[in-house]
Amino acid sequence: MTRRLLLVPLALGFAAAGTAAAQDTSFVLVDRIAAIVGDTPIPLSRVDEELNLMMAELQRSGQPLPKDSAEIARYRRQIVDRLIEDELLVQQATRDTSVKVTEQQVQSSVDAAMKQLRGQFGSEFEFRRALQQAGLGTPEEYRRFITDQVRRDLMKQQLIQRMRERQEIRSVPPTEREVRDYYESTKAQQPHRPATVSFRAIVVRPQPEPAAKARARALADSVLGLLRAGSDFDALARHFSDDPGSKGEGGDLGWFRRGRMVAEFEAVAFRLRPGQVSDVVETPFGFHIIQVDRIEPGEIKARHILFAPTLTDADLAAGQGRADSAAQALRAGVPVDSLIHRYHDPLEQSLFEDIPPDNLPEAMKNAVQGALPGDVIGPVRVEDSGRVRFAAILFEGARPEGEYTFEELHDRLRQSLADGSGVRRYIQQLRDATFIEVRL
């Protein structure tokens with residue numbers, strides 16, 4: 001039910017292309033009412049906005065654009081039907097007293113969406129420029145834009161959940177024929193499988209000298225004293241933190257559940273109360289000071305200041321030497337699992353299976369380009385988010401881009417049909433009981 005929230009960030013990268021397509025094929029019409037649901041109108045501008053995003057996604061994925069006005073009209077009618085269904089569910093959620101979406105839930109989801117989107121850009125300037133180019137204004141304006149959509153999505157999600165709990169909506173498992181027919185009818189709309197690579201990696205993290213750790217700990221203790229005396233956490237994080245991913249945000253880590261952070265960090269963070277500042281916490285990344293901002297069942301919103309020990313050239317050379325030893329052993333035929341046990345940093349990923357190359361760190365992406373199964377690569381210096389590691393890589397294979405097979409999509413399609421069956425019946429009941437006028 002979060003399709004709208006996802007579509008807008010995805011459209012940022014190709015908004016200009018989508019706008020051009022809209023101008024060339026006359027998607028934007030004089031605003032009028034496309035449909036009325038109960039006493040709520042759906043403006044045609046909303047339909048055309050969705051259509052432009054759909055066209056941009058088709059163009060981005062290399063799929064053909066509609067060829068004539070009849071095909072465009074068909075797309076428009078599909079969008080109207082979906083918007084009607086969304087409005088029916090929101091109206092019912094408003095009437096259902098068991099649906100209670102709090103402002104805190106809304107803002108938490110918006111915070112997470114904004115942080116995820118902001119993380120796609122290298123700087124605040126690039127982020128703001130992308131929003132402007134997409135016609136979405138400033139980050140503050142975009143935040144206001146998605147807030148209402150997030151609220152509606154949460155209401156719909158909670159309504160469906162409550163209906164399932166009351167067994168007023170029941171899933172009906174589809175037959176194999178229905179799954180096959182659904183696959184064939186939606187094949188053109190299914191995403192293409194990207195090109196992927198698979199390999200095993202032995203990743204070595206250079207270790208700092210004891211004196212460097214002692215200096216980082218002393219600085220952490222000093223900053224903790226400033227915090228205890230009333231200094232601002234946000235300002236100190238921006239000045240002192242060695243975490244490039246959160247430093248510019250005042251140490252903000254956003255919302256996270258257990259299992260996202262290392263054990264030493266979580267053991268402290270999940271015991272703190274809102275506003276409370278931790279003592280100095282040591283993890284494999286260095287020393288942290290943690291403050292929890294908000295708490296929800298099963299998750300927290302926190303910030304931290306990281307003090308990472310400085311690595312010397314000798315530390316880096318020692319780490320590279322261990323990774324080189326692992327690579328030499330791989331070339332000599334030593335089993336990769338035994339080398340992982342001996343050399344690999346347990347906090348790092350070792351198995352890379354069917355990974356799109358663009359999802360890899362740049363150094364790994366370049367290293368495996370053109371490799372053949374069985375090739376040993378490295379050691380490769382991998383540096384991102386302020387961390388340096390060295391990797392010895394055993395390449396296992398590459399898979400070209402292509403369509404997903406029925407077998408690959410079977411379980412997902414079957415579950416989707418089962419989940420959707422009860423919801424579709426319920427929406428039809430709402431349609432039958434509500435005044436709806438379509439004006440397209």
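Remember, predicted model here, so these are calculated numbers, not experimental data. (Residues numbered from 1 in each chain as written. Predicted model: local features only at pLDDT ≥ 70, side-chain atom pairs only at ≥ 80, totals over all residues. Heavy atoms only, no water.)

Looking only at helix α14 (residues 336-343), the buried set comprises V336, L339, I340 and Y343. Down the axis, α14 shows its buried residues gathered within 105° of arc, on one side only. For α14, the exposed residues set more than 90 degrees away from the buried face come down to D337, H341 and R342. Where α14 is buried, its residues contact β4 (196-204), α13 (313-331) and β11 (387-399). (Buried < 20%, exposed > 50% of the residue type's maximum accessible area, 1.4 Å probe, protein only. Helix = DSSP H or I, 4+ residues; strand = E, 2+ residues; numbered from the N terminus. Arc of directions from axis to C-beta. Contact = heavy atoms within 4.5 Å.)

With antiparallel pairing, three strands are arranged side by side in an open sheet as β2-β1-β13. Each edge of the open sheet carries a strand with a single partner, namely β2 (40-43) and β13 (436-438). With direction set aside, neighbouring strand axes in the sheet form an average angle of 20°. Where strand β1 (residues 33-37) meets β2, four bridges bridge the pair, whose relative direction is antiparallel. Looking across to β2, one finds that I33 is bridged to P43. Along the sheet, helix α4 (residues 69-95) contacts β1, β2 and β13; its crossing angle with β1, the most-contacted strand, is approximately 30°. (Pairing = 2+ DSSP bridges. Axes fitted to C-alpha atoms, helices over the stretch in contact; angles between N-to-C directions.)

Quick look at the pattern of salt bridges now. It is possible for side chains bearing opposite charge to pair when their charged atoms get close. Summed over the entire model, instances satisfying the criterion amount to 41 salt bridges. Of the charged contacts, one joins R118 and E124 as a salt bridge, the two residues approaching to 2.8 Å between their closest N and O atoms. For R118, a relative accessible area of 19% corresponds to the buried category. What makes E124 partly exposed here is its relative accessible area of 31%. In this structure, D293 and R303 form a salt bridge, with 3.2 Å as the shortest nitrogen-oxygen distance. On the criterion of sequence distance, the pair formed by D293 in strand β7 (residues 286-296) and R303 in strand β8 (residues 299-307) is long-range, its members being 10 residues apart. We classify D293 as partly exposed; its relative accessible area is 24%. Beyond isolated ion pairs, a larger network of salt bridges with shared partners links R46, E50, R82, D86, D153 and K156. (Salt bridge = Lys/Arg side-chain N within 4 Å of Asp/Glu carboxyl O.)

Moving on, we come to the side chain of D243. The topology assignment puts D243 in the loop between α10 (233-240) and α11 (244-247). Among buried Asp, Glu, Lys and Arg side chains, D243 stands out as unpaired, with K115 the closest opposite charge at 7.7 Å. (Lys, Arg positive; Asp, Glu negative; His and termini not counted.)

A sheet is described by the order of its strands in space; here four strands give the open sequence β5-β8-β7-β6, paired in antiparallel fashion. Edge strands, defined here as strands with exactly one partner in the open sheet, are β5 (252-257) and β6 (281-283). Pairs of neighbouring strands in the sheet enclose a mean axial angle of 45°, with direction left out of account. Alignment of β5 against β8, held across five bridges, turns out to be antiparallel. Directly across from D252, in β8, lies its bridge partner R303. Sitting on the sheet, helix α5 (residues 103-118) is in contact with β5, β7 and β8, with an inclination near 140° to β7. Packed on one face of the sheet, α10 meets β7 and β8 and runs near 45° to β8.

Inspection of the secondary structure puts D86 in helix α4. Not counting chain neighbours up to four residues away, the residues in contact with D86 comprise R152 and K156.

In this structure, the amide linkage connecting G378 to the following residue, P379, adopts the cis form with an omega of 15°. Tracing the backbone shows P379 in strand β10 (residues 376-384). In this structure, Q167 is a non-glycine residue whose phi angle is positive, near 60°. Considering the arrangement of structural elements, one finds Q167 in the loop between α7 (139-165) and α8 (176-186).

Looking now at the nonpolar core. Grouped together as the largest cluster of nonpolar side chains are 30 residues, with contacts concentrated most on I42, V47, I84, L89, L159 and Y426. Elements supplying a minimum of two residues to this core: β1, α3 (44-60), α4, α7 and α16 (406-433). Ranked by residues supplied to this core, first place goes to α4 with 10 residues. (Core = buried A, V, L, I, M, F, W, Y, C linked by side-chain atoms within 4.5 Å.)

As a packed pair, α13 and α14 sit with axes 10 Å apart at the nearest point and diverge in direction by 165°. Between α13 and α14, the interaxial angle falls into the category roughly antiparallel. The two elements α13 and α14 meet at a crossing, and its hand is right-handed. Taken together, the residues of α14 that come into contact with α13 (itself represented by R322, S325, A326, A329 and L330) are V336, L339, R342 and Y343. Of the residues assigned to the contact of α13 with α14, the class counts are six nonpolar, one polar and two charged. (Parallel < 35°, antiparallel > 145°, perpendicular 65-115°, else oblique. Left-handed = near helix turned anticlockwise from the far one by under 90°. Nonpolar A, V, L, I, M, F, W, Y, C, P; charged D, E, K, R; others polar.)

For the rest of this paragraph, the subject is the environment of G319. Of note, G319 is situated in helix α13. The exposure class of G319 is buried, given its relative accessible area of 4%. Each C-alpha atom of the pair G319 and R381 lies 9.9 Å from the other, and the pair is 62 residues apart in sequence. What G319 contacts, discounting residues up to four positions off in sequence, is V204, P206 and F390.

The subject of this paragraph is the confidence of the model for the chain. Taken over all residues, the pLDDT of the chain has a mean of 86, while the share at 70 or more is 92%. Per-element confidence in the chain is highest for helix α9 (residues 210-228), whose mean pLDDT is 96, and lowest for helix α2 (residues 15-24), whose mean pLDDT is 38. Predicted confidence is poor over residues 1-30, with pLDDT under 50, and the contacts of this stretch with residues over four places away or in other chains come to 57 contacts. (pLDDT = per-residue confidence, 0-100.)

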